[in-house]
Amino acid sequence: MDRRINDSPEINWAAYPMPRVRHHVNSQAYLPASQHHILPTWYPPVRTEGDWASWFVNGRNADVLDVGCGRGAFLMRHALAFPELNILGVEVRQILTEWIAGVIAGEHLGNAHAEWYSIANGLDWIPEASVQCAVYLFPDPWPKKRHHKRRAFSEEFLSMLHRVLVPGGKLWLATDREDVDAYQRDVLSKSRFFQLREVDDATPWPFPFATDQQMFCDAKGIPYVLYYAERIDERSQSAGA
Ligand SMILES: C[S@@+](CC[C@H](N)C(=O)[O-])C[C@H]1O[C@@H](n2cnc3c(N)ncnc32)[C@H](O)[C@@H]1O
């Protein structure tokens, strides 16, 4: 993957005016559906299977998973830059997935889809060992301790990603928040499923285009960190045991 930023094709974003977006949805949407007696209408639908044939023109599963895809700049740029890969975003804010669907249709991107879904309900509907890589880029910080339960990143989250990723699959991470960075590194340091790794010359950041939040940080001079976690392969674990 040696494409440079300037080589990446770009979408004419001005053709797709963004509706006004409230920062957060109801805070209960960040918690699993099992914690509700009756699901409110504003709660993102709970999935039991993927609708691959309608999401991607080639009808195949997702190759790349974008958790919390937000306004979808990364998702759609990825689809343009890597037409051979299907990219699936999950996003808890319905209005954003609707807007992204309009851009995808306008740009004829048959390999991108953003699904209105809360990651709190898991990834059981994604086939095992089917995803080549996952990204979790600039997640919501939820800085107050009592709100940490709304953070998706946990050992359970890593176990779900471990199941859907192929052997050797990577989870790419970015954050502009020191507290989120420390929290993620702490979770990863104790994980049975992933090993924290730093990007370097041997394994550089592979995406030659920015996310919406990354562009915001770049414009404002806000520093951020980029790193990744490598899926731990059970066979290499047992071979080394
Ligand atoms: C700060 S934004 C970053 C968006 C994008 N990844 C980027 O880098 O520009 C975090 C996104 O994660 C979404 N999100 C937060 N919790 C979520 C959840 N439980 N399920 C799905 N999406 C979630 C938020 O709605 C928001 O759009």
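The structure presented is a predicted model; accordingly, all values stated were derived computationally and were not measured.

1. Points about the overall build of the protein chain
Then step 1. The secondary structure content of the protein chain amounts to 7 helices and 7 strands.
Then step 2. Helices and strands appear in the protein chain in the N-to-C order α-β-α-β-α-β-β-α-β-α-β-α-β-α.
Then step 3. Taken over the C-alpha trace, the protein chain has a radius of gyration of 17 Å; the compact-globule value for 241 residues is 18 Å, and the two agree within 12%.
Then step 4. If you line up the protein chain on its principal axes, its C-alpha atoms span 55 × 50 × 40 Å.
Then step 5. Across the 241 residues of the protein chain, 33% fall into the buried class.

2. Let's talk about the site of the ligand
Then step 1. Of all residues adjacent to the ligand, which total 20 residues, the nearest are Gly-68, Gly-70, Thr-211, Asp-212 and Gln-213.
Then step 2. For the shell around the ligand, the elements supplying multiple residues, two or more each, are strand E2 (87-91) and helix H6 (212-220).
Then step 3. The element best represented in the shell around the ligand is H6, accounting for 3 residues.
Then step 4. Looking at the shell around the ligand residue by residue, the class counts come to 10 nonpolar, 6 polar and 4 charged.

3. A few points about unusual backbone geometry
Excluding glycine, residues mostly carry a negative phi; peptide bonds, for their part, are mostly trans.
Then step 1. Unlike most non-glycine residues, His-108 shows phi in positive territory, near 55 degrees.
Then step 2. Position of His-108 relative to the elements: it lies in the loop between helix H3 (94-107) and strand E3 (112-116).
Then step 3. By the C-beta count within 10 Å, which is 7 here, His-108 ends up exposed.
Then step 4. We note that Trp-142 has phi near 40 degrees; this positive angle belongs to a residue other than glycine.
Then step 5. Given 20 C-beta atoms within 10 Å, Trp-142 falls into the buried group.

4. Brief notes about the sheet that holds strand E5 (residues 165-175)
Then step 1. Taken together, the 7 strands give an open sheet; going across it, the order is E3-E2-E1-E4-E5-E7-E6, and neighbouring strands pair in mixed fashion. With partners counted over all chains shown, the strands left at the sheet margins are E3 and strand E6 (194-198), one partner each. Taking the axes of each pair of neighbouring strands and ignoring which way they run, one obtains an average angle of 20 degrees across the sheet.
Then step 2. Both strand E1 (residues 64-67) and strand E4 (residues 131-137) contribute to a ladder of 3 bridges, which runs parallel. Each residue of the ladder has a partner; that of Val-64, found in E4, is Cys-133.

5. Section: the confidence of the model for the protein chain
Low-pLDDT stretches of the model should not have their predicted coordinates read in fine detail.
Then step 1. The share of residues in the protein chain with pLDDT of 70 or more is 93%, and the mean pLDDT across the chain is 91.
Then step 2. Within the model, the stretch residues 1-7 combines pLDDT values under 50 with 7 contacts to residues more than four positions away or in other chains.

6. Describing helix H4 (residues 155-164)
Then step 1. Of all the positions in H4, only Phe-157, Leu-158, Leu-161, His-162 and Val-164 are classed as buried.
Then step 2. Looking at the buried positions of H4, the neighbouring elements they touch are E1, E4, E5, E6 and strand E7 (225-231).

7. Digging into the environment of Pro-141
Then step 1. In this fold, Pro-141 is placed in the loop between E4 and H4.
Then step 2. Spatially, the C-alpha atoms of Pro-141 and Asp-179 are 7.9 Å apart, while their sequence positions differ by 38 residues.

8. Focus: the nonpolar core
Then step 1. By size, the foremost hydrophobic cluster in this structure holds 49 residues, and its most contacted members are Leu-65, Leu-75, Met-76, Val-131, Ala-134, Tyr-136 and Leu-171.
Then step 2. Residue contributions to this core peak at 6 residues, all from E4.
Then step 3. Contact partners of Val-131, with chain neighbours within four places excluded, come to Ala-62, Asp-63, Val-64, Leu-65, Ile-126, Val-164, Leu-165, Val-166 and Gly-169.

9. Here's the deal with the pairing of E3
Then step 1. Most of E3 sits out of view: 4 of its 5 residues are buried.
Then step 2. A crossover links E2 with its parallel partner E3, the connecting element being H3, and its sense is right-handed.

10. Thoughts on the environment of Glu-107
Then step 1. Here Glu-107 shows up in helix H3.
Then step 2. It is 9.3 Å that separates the C-alpha atoms of Glu-107 and Met-76, two residues lying 31 residues apart in sequence.
Then step 3. Contact partners of Glu-107, with chain neighbours within four places excluded, come to Ile-11 and Met-76.

What counts and how
- Residues numbered from 1 in each chain as written.
- Predicted model: local features only at pLDDT ≥ 70, side-chain atom pairs only at ≥ 80, totals over all residues.
- Helix = DSSP H or I, 4+ residues; strand = E, 2+ residues; numbered from the N terminus.
- Rg over C-alpha atoms; globule rule 2.2 N^0.38 Å.
- Buried ≥ 20, exposed ≤ 12 C-beta atoms within 10 Å, placed from the backbone.
- Near = placed C-beta within 6 Å.
- Nonpolar A, V, L, I, M, F, W, Y, C, P; charged D, E, K, R; others polar.
- Pairing = 2+ DSSP bridges.
- Axes fitted to C-alpha atoms, helices over the stretch in contact; angles between N-to-C directions.
- pLDDT = per-residue confidence, 0-100.
- Contact = placed C-beta atoms within 7 Å.
- Core = buried A, V, L, I, M, F, W, Y, C linked by C-beta atoms within 7 Å.
- Right-handed = clockwise from strand over helix to strand, strands pointing away.

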